[in-house]
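Fold and contact review
The lines below spell out each chain.
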Amino acid sequence: MMILIVGASAFAAMTGIALYLAKRLGDAESRLRAEGSARAQAERALSDQEQRLQTIFESQLECVKLHDANGTILTMNRAGIARLGARCAAQVVGTSVYSFISPEHHERYRCLSAAVFEGRSESMEFRILCAMGQRRLFETHVVPMRDSGGTIVAALALTCDITDRRNAEERAQRHLSDLARVARITSMGEMASGLAHELNQPLAAIVNHASACLRRLRAAPDKIESVVESLEAINEQGQRAGQIIRTVRELVSRTEPTKTLVDINEIVRMMVLLSTPEAARQDVTIAMQLAPDTGSIYASKIELEQVVFNLIRNAVEAVGNPGAAAHASISVSTMRTQHGGIEVAVQDCGCGIDAEDIDKVFDPFFTTKFDGIGMGLSISRSIIEAHGGRISVSPNAGKGVTFVFTVPPPMEERMAV
Ligand code: ADP
């Protein structure tokens, strides 16, 4: 009996344990199933993500590639392969980026690659030698590609073919400089009589001083000191005439505009000198207020001369208009901006610009003049913007308008300010 009782309770205990274990097993199984489905979901998400990245990678119209620290290409999208003129990925993957980059850019690309593997993002332009032997200009932006632990495992390069864009920019630049040159020649033609007058003055002065020298030497051949002053005046006037001729030659020459350090005050002085005869003909005086501390700026002298010349000529024409004040004057001033660049203002008290036209004056071919071409301000704006500056016009409180342009300082000065 006793045995039976003990056996029954042991059985009940065993059953309890079995039930408990079965439940634990069931729980573990359902946890496993849940984990399994979570893993499957994560794997699906990962594969979706991979698919998405692959689609983005392949759908890029420009070249996207990964390369290692030595420049060995690890992968490249279809557009990149096509840009290189290769037929398939196998022709490119595993080869070196240096077999495509033109040799003169190898050193810079090596530096760029080293910087990227130190964690920086870098950009540069280089020429590429395509499979068909063509040379194309590329612009690349390269960033470090890291694994989940943060280690840089590759360089990711996004590279665009900028050959066509650069050619178009160069064509536009050539077109602008041709246009600007034609505009300068046209203005010089219009000013020919004024210039002849401007040159006549130093020439007449030279002749007078030379005659005085001759007279004195004939009267007293051994008194050389009596002619020194006149000879100095001859020298000075000769220099002045030479400077005028040099400036005119520069303005009509075909030389490409190149940037050098230029003195804006000197440019203003010369353009005022060239414009004075025409202004005088219209009874207009030109005043100058030149700040002594403008320093030098990095610019194309001939192009800035053209802008200043255009603005002065327009101002003279505006105040010289019928109905404008007699004996009018315009003023040209220079100042240094707080960022170390320069600002030039040409102020007149002329006819002004109608409110509805003020936004149009810089448009090509906008003119209100009977014989105007409407290119002066448009060319001026292109020139100033190509120098990284701005040009604008605003009405004066009284009569007339003020045109103002700025040119920023050279990059190193900008960084120092
Ligand atoms: P154009 O002198 O051949 O007309 P611009 O491009 O130099 O060409 O000037 C465009 C127009 O802007 C002029 O026709 C004139 O209407 C206006 N303008 C330019 N400067 C002035 C000024 N100082 N005062 C009034 N109007 C001006």
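Residues numbered from 1 in each chain as written. Predicted model: local features only at pLDDT ≥ 70, side-chain atom pairs only at ≥ 80, totals over all residues. Heavy atoms only, no water.

**Quick look at the overall build of the protein**
Each helix and strand counted, the protein has ten helices and twelve strands in total. Computed over the C-alpha atoms, the radius of gyration of the protein is 39 Å, more than 25% above the 22 Å expected from 2.2 N^0.38 for a compact globule of 417 residues. For the protein, the spread of C-alpha atoms along the three principal axes comes to 165 × 55 × 40 Å. Carbon and sulfur atoms make up 58% of the accessible area of the protein, which amounts to about 24,600 Å² in all. (Helix = DSSP H or I, 4+ residues; strand = E, 2+ residues; numbered from the N terminus. Rg over C-alpha atoms; globule rule 2.2 N^0.38 Å. Areas by Shrake-Rupley, 256 points an atom, 1.4 Å probe, with all protein chains shown as cover.)

**Some points on the sheet that holds strand β9 (residues 328-336)**
Consider a sheet: its strands pair through backbone hydrogen bonds, and that pairing is either parallel or antiparallel. Judged by pairing direction, the sheet is mixed, and its five strands sit side by side in the order β7-β9-β10-β12-β11 without closing on themselves. Strands with a single pairing partner mark the edges of an open sheet, and in this sheet they are β7 (284-290) and β11 (390-395). Between one strand and the next, the sheet's axes are offset by a mean angle of 15 degrees, whatever the strand orientation. Here β11 runs beside strand β12 (residues 401-407); their pairing, made up of six bridges, is antiparallel. Each bridged residue has a counterpart across the sheet, and for V393 the counterpart in β12 is F403. Sitting on the sheet, helix α7 (residues 264-281) touches β7, β9 and β10 (342-347), and the angle it makes with β7 is about 170 degrees. (Pairing = 2+ DSSP bridges. Axes fitted to C-alpha atoms, helices over the stretch in contact; angles between N-to-C directions. Contact = heavy atoms within 4.5 Å.)

**Some points on empty space enclosed by the protein**
Scanning the entire structure with this criterion turns up three cavities of 30 Å³ or more. Approximately 110 Å³ is the volume found for the largest cavity. Lining the largest cavity we find 14 residues, and of these K65, M76, L84, F126 and I128 sit closest to its centre. Among the elements of the structure, β1 (63-67), β2 (73-76), α2 (78-83) and β3 (122-129) are those that each provide at least two residues to the lining of the largest cavity. (1 Å grid on protein atoms, 1.4 Å probe; cavity = no way out; pocket = protein on both sides within 12 Å on 5 of 7 lines; lining within 4 Å. Points joined across faces, edges and corners; volume = space filled by probe spheres on them.)

**Quick word on the environment of G374**
Mapped onto the elements, G374 comes out in the loop between β10 and α9 (376-386). For G374, the residues in contact, after removing those within four places along its chain, are D363, P364, F365, F366 and T367.

**Some details on the sheet that holds strand β5 (residues 152-161)**
With antiparallel pairing, five strands are arranged side by side in an open sheet as β2-β1-β5-β4-β3. In this open sheet, the two edge strands, each paired with only one partner strand, are β2 and β3. This sheet shows a mean twist of 30 degrees between the axes of neighbouring strands, independent of strand direction. One ladder, built from three bridges, connects β1 with β2; its direction is antiparallel. Residue K65 lies in a different strand from β2, and its bridge partner there is M76. Against the sheet, helix α3 (residues 106-117) makes contact with β1, β3, β4 (135-146) and β5, and its axis sits at roughly 140 degrees relative to β3, the strand it touches most.

**Re the layout of surface pockets**
Considering only enclosed or pocket space, the largest pocket measures out at about 970 Å³ in volume. Lining the largest pocket are 36 residues, with N314, E317, T367, K369 and G372 sitting closest to its centre. Put simply, the parts of the chain that give the lining of the largest pocket at least two residues each are α4 (163-190), α8 (301-319), α9 and β12. In the lining of the largest pocket, the residues fall into 15 nonpolar, 13 polar and eight charged. Each pocket or cavity is described by its volume, and for the second largest pocket that value is around 310 Å³. Counting residues per element, the ones that place at least two in the lining of the second largest pocket are α1 (2-59), β1 and β5. In terms of residue count, α1 provides more of the lining of the second largest pocket than any other element does, five residues in total. Residue classes in the lining of the second largest pocket are distributed as eight nonpolar, three polar and one charged. (Nonpolar A, V, L, I, M, F, W, Y, C, P; charged D, E, K, R; others polar.)

**Here's the deal with the pattern of salt bridges**
Summed over all chains, the structure comprises 19 salt bridges. R83 is the partner of D161 in a salt bridge, and the nearest nitrogen-oxygen pair spans 3.8 Å. On the criterion of sequence distance, the pair formed by D161 in strand β5 and R83 in helix α2 is long-range, its members being 78 residues apart. E169 is the salt-bridge partner of R166, the closest N and O atoms lying 3.2 Å from each other. Placement of the pair is R166 and E169 together in helix α4, with a separation of three residues, close to one helical turn. (Salt bridge = Lys/Arg side-chain N within 4 Å of Asp/Glu carboxyl O.)

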